[in-house]
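Single-letter residue listing:
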Amino acid sequence: MKIKNLIRLFTVLLYWCGTMPLTLQAQIELRPIFSNASLEQAPKTNGSLPQNWVDTKKKTAGSSESILLPFFDDFSYAGPYPDEKKWIGRDAFINNTYPLYPPTYGVATLDALDEKGRVYTNAIIGTSFSADTLLSMPIRLDSIFYPTAKALKVEDSVYLSFYYQPGGGIGNLWDARRRGNAPNVEDKLILEFYNEDLKMWVGMWSTEGLSLAQFCPYCDSAIPIEDKSYFKEVIVPIQTQGFNKKNFQFRFRSYSSVDKYLRSGGGQWHIDYVYLNYGRTMADTTLKDVAFVQVSPSVLKEYTTVPSRQFTSDMLRKQLEITMTNLSAETLSCRYQYGIYPEKDTNLLYAQPADGEANANIYPFIDYGYKTDPDLSKMEMGYNFPLVKQDFVSYRVRHILKSGIQNDFNSANDTLEFQQHFENEFAYDDGSSEAGIGLTYPNGIMAYRFKLEKADTLTAMRIFFNRSYDNYNNRAFHLCVWKAAEGDTLPALLIYRSPTTYPVFSDGVNRFVNYSLDTLLYLGAETFFVGLEQLTKDFLNVGFDQNNQAAEKLWYYYLNPKTNAWEWENSIYYGALMFRPAFGILAAVDNENLEVGPRAENKDLRCKIYPNPVRKREFTVVLPSGVDANFASLEIRDLLGRCVWKNVFQSQVQLNEITNGLYILTLKDTKKSKTYYAKILIKNDE
């Protein structure tokens, strides 16, 4: 059923699969997004590949760069780009946050954003348009070379198989099984082969847009998961001589659409376990492959990351739960262990089981579903992560699954790794946006609850805004900070309200933007809220992670039509807002285009000093280009933001009473309202 009307004030809309919402809630909305895209991709002209593109971007026929059979990819790697040894271009988004119950860890998601994360330029509101393409490298389909060389013929039974799933997930608005957006009925997923004889792409298979509930009608029934077909396998025989060439190629193409009312939408298609080989049959549906299925969880039970100086051992999970699968038709004996390592070396810090590997059978998925029994998939978390007062430290949590069979079909999906960061920010989200959330009325407020274990200085907020068609959500707002009310439940005292601010959109995949505060907020060991107040009724579309639950932390302020009073209301949506408070002066100088991992200063705002480290109580400040010394001042702060020295600008700075340590020098240009920073390491008399 297509959307006929847009319900605005005093309602909540969940536009999903192009249908009306299942339920309503006052004035906070969860909406589809266009998903995530890569930085670079193959060129497109009005959504289709120009004819000469095939000749220029394909490898030369018969070249040594054509890859050999078998061709296989289950996308069980970090991404976000497809493996360049197997695929051309970077349209597809490699991830494990969008699919629901995939065959193995990792899928290729086709969505409606271009290589810079923008809605495709050929998008037309209300009309389906060609979007992402997943294009294979040239493949030698004329011959094989192992175990003996021979020419391939049509009768050698060459088959291409893959699994697919429409996006969107299933369940109610508060259901943990929601994931992204379903394709609209006019959308499509297409498989095409390139025919060298005809010099054209030939359609081999396609499906129209539908919801996962339509795709998997038993998804909410009581039958076991192995009987529900959350992903379906497609097997395509290659029986035409025109495809039996030295440089055979195939591609998946997605068609998407933009909702004319919401300026958003764009359903996803997920592709997994792509396998091309000879000597196969239509019944070739099982392989001896044991694998992980879902991403490794954070070691933290509530957050995904916390500032290193706020971390306590009470924040740790007691147990890590991992989901495994067996894609063969027989029971396989397997061994499992996870280990914790420093970020940059292989020195094992902790392992579970500590005395070796756990052993157990994994039964076939086709008969018993995923492996979730505690003998393999649930292990104690007993490492306390000594941080040694470091501001930026990360660990690798590495899971390894070993089968008792020889020649496991795909060993790549037997290893799973998670980067656990302790830096300078709090986060409930995993860094991947599957939906967008926001308000639809002027002066509406969203507030997000956090708690400090010890006093600290709030200096920045990191936010990810989803893109909308024609930058529809580029609307003004204020950043806000509140202290909590009694009982730590609701915002009470507004202690900060920023000047008028606008969303900033960074090119790339899930890149947060750093919004430095124009003042330093010293907070005690207490509960606080960060959020935004919007100035218009337009939907700002803040990123929303649907794999982690923090609904009880998210509140919004709205005008209750029954009481005609403004009230706080708790969000009902399952997920975590992609909104992170950051602490310490270093957070204020972070790069605006943030990726997961250690942060870097914005080079344009750096101030040069020498010598550094300072060893003789004196250093020189180089005035940045274009700054008038008569309108400049200097300030030195410690890592908690406390001022320890300030003065008018002087090129030679003498420090007599500052203790050794790391500090931040701030140079303010009052004429141009610009601030420059430099880190200073003071080692006087050492």
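Definitions and cut-offs
- Residues numbered from 1 in each chain as written.
- Predicted model: local features only at pLDDT ≥ 70, side-chain atom pairs only at ≥ 80, totals over all residues.
- Heavy atoms only, no water.
- Helix = DSSP H or I, 4+ residues; strand = E, 2+ residues; numbered from the N terminus.
- Contact = heavy atoms within 4.5 Å.
- Areas by Shrake-Rupley, 256 points an atom, 1.4 Å probe, with all protein chains shown as cover.
- Pairing = 2+ DSSP bridges.
- Axes fitted to C-alpha atoms, helices over the stretch in contact; angles between N-to-C directions.
- Core = buried A, V, L, I, M, F, W, Y, C linked by side-chain atoms within 4.5 Å.
- Buried < 20%, exposed > 50% of the residue type's maximum accessible area, 1.4 Å probe, protein only.
- Phe/Tyr/Trp six-rings, centres within 6.5 Å; stacked < 30°, edge-to-face > 60°.
- Salt bridge = Lys/Arg side-chain N within 4 Å of Asp/Glu carboxyl O.
- pLDDT = per-residue confidence, 0-100.

Visitor: Help me understand the overall build of the chain in this model?
Guide: Each helix and strand in the chain was counted, giving four helices and 46 strands. When contacts within the chain are restricted to residue pairs at least 6 apart in sequence, those whose partners lie at least 24 apart make up 76%. Just so you have it, the chain exposes about 28600 Å², and 48% of that area is on carbon and sulfur atoms.

Visitor: Quick question: what am I supposed to make of the sheet that holds strand E28 (residues 445–451) here?
Guide: Each strand in a sheet pairs with its neighbour through backbone hydrogen bonds, running either in the same direction (parallel) or in the opposite one (antiparallel). What the six strands build is an open sheet, ordered E31-E30-E33-E28-E35-E36; its pairing is antiparallel. Across the chains shown, the open sheet's two edge strands, defined by having one partner strand only, are strand E31 (491–497) and strand E36 (565–570). In this sheet, neighbouring strand axes are inclined to one another by 30 degrees on average, regardless of whether the strands run parallel or antiparallel. Where E28 lies against strand E35 (residues 554–560), four bridges are found, and the strand directions are antiparallel. When the sheet's bridge partners are listed, Ala-447 is paired in E35 with Trp-555.

Visitor: What's the story with the nonpolar core in this structure? I'm lost.
Guide: Within soluble globular proteins, side chains that are nonpolar generally end up buried alongside one another. Residues Phe-385 and Tyr-448 are the most contacted members of the largest nonpolar core, which totals 76 residues. Apart from the residues lying within four places of it in its own chain, the contact partners of Tyr-448 are Tyr-428, Phe-528, Phe-529, Val-530, Ala-550, Lys-553, Leu-554, Ala-576, Leu-577 and Phe-579. Listed in part, the 46 residues of the second largest apolar core include Trp-87, Ile-139, Ile-170 and Val-236.

Visitor: What exactly am I supposed to notice about the packing of aromatic side chains here?
Guide: Here the distance between the centres and the angle between the planes together describe a pair of aromatic rings. One pass over the full model with this rule turns up 53 aromatic pairs. Measuring from ring centre to ring centre gives 4.8 Å for Phe-72 and Tyr-273, while their planes differ by 80 degrees; the resulting arrangement is edge-to-face. Taken together, the positions of Phe-72 in strand E2 (residues 71–73) and Tyr-273 in strand E16 (residues 269–277) put the pair 201 residues apart, joining distant regions of the chain. The same class applies to Phe-72 and to Tyr-273, which are both buried.

Visitor: Can you walk me through the pattern of salt bridges in this structure?
Guide: Any two side chains of opposite charge can pair, on the condition that their charged atoms come close. Tallying each qualifying case throughout the model produces 23 salt bridges. Residue Lys-150 is joined to Asp-156 by a salt bridge in which the shortest nitrogen-to-oxygen separation is 3.6 Å. Lys-150 sits in the partly exposed class, given a relative accessible area of 37%. Note that Arg-177 and Asp-175 form a salt bridge whose closest N and O atoms lie 2.9 Å from each other.

Visitor: Is there a simple way to explain the sheet that holds strand E40 (residues 608–610) in this structure?
Guide: Judged by pairing direction, the sheet is antiparallel, and its three strands sit side by side in the order E40-E41-E44 without closing on themselves. The open sheet has two free edges, formed respectively by E40 and strand E44 (652–654), since each of these has just one partner strand. Averaged over all pairs of adjacent strands, the angle between strand axes in this sheet comes to 30 degrees, irrespective of strand direction. Relative to strand E41 (residues 618–622), E40 is paired through three bridges, and the arrangement is antiparallel. Looking at E41, one finds that Ile-609 is bridged to Val-621.

Visitor: Would you explain the confidence of the model for the chain in this entry?
Guide: Note: predicted coordinates in regions of low pLDDT should not be interpreted at a detailed level. On average, residues of the chain score 82 in pLDDT, and 85% of them reach the 70 mark or higher. The low-confidence segment residues 1–26 (pLDDT under 50) makes 80 contacts with residues lying over four places distant or belonging to another chain. Confidence over residues 34–64 falls short of pLDDT 50; this stretch has 100 contacts with residues more than four positions distant or in other chains.

Visitor: Looking at this structure, I do not really get the pairing of strand E21 (residues 332–342). What am I missing?
Guide: Every regular strand shows the same layout, with side chains that alternate between the two sheet faces. Counting buried positions along E21 gives eight out of eleven residues, so the element sits mostly inside the fold. Strand direction decides the pairing type here: E21 and strand E23 (residues 358–362), joined by five bridges, are antiparallel. Residue pairing across strands places Cys-334 opposite Ala-360, the latter belonging to E23. Bridge analysis of E21 against strand E25 (residues 393–403) gives nine bridges, and the strand direction is antiparallel. The residue of E25 that forms the bridge with Arg-335 is Lys-402. Here three bridges tie E21 to strand E22 (residues 350–352), and the two strands are oriented antiparallel to one another. Paired with Gly-339 across the two strands is Ala-351, which belongs to E22.

Visitor: Help me out: how do you make sense of the environment of Ile-445 in this one?
Guide: When you line up the elements, Ile-445 lands in strand E28. Apart from residues no more than four positions distant in its own chain, Ile-445 is found in contact with Leu-439, Trp-482, Leu-532, Glu-533, Trp-555, Tyr-556, Tyr-557 and Trp-568.

Visitor: Looking at this structure, I do not really get unusual backbone geometry. What am I missing?
Guide: Comment: phi is negative for the bulk of residues other than glycine, and the bulk of peptide bonds are trans. A cis amide bond links Tyr-146 to the next residue, Pro-147, at an omega of 5 degrees. By the element assignment, Pro-147 lies in the loop between strand E7 (143–144) and strand E8 (150–151). Although it is not a glycine, Ser-157 adopts a positive phi angle of roughly 60 degrees. Within the secondary structure layout, Ser-157 lies in the loop between E8 and strand E9 (159–166). Looking at Ser-157, the relative accessible area reads 28%, which means it is partly exposed. Phi is positive for Asn-541, which is not a glycine, with a value near 65 degrees. Structurally, Asn-541 can be placed in the loop between strand E33 (527–534) and strand E34 (542–545). On the basis of relative accessible area, Asn-541 is assigned to the buried category, the value being 0%.

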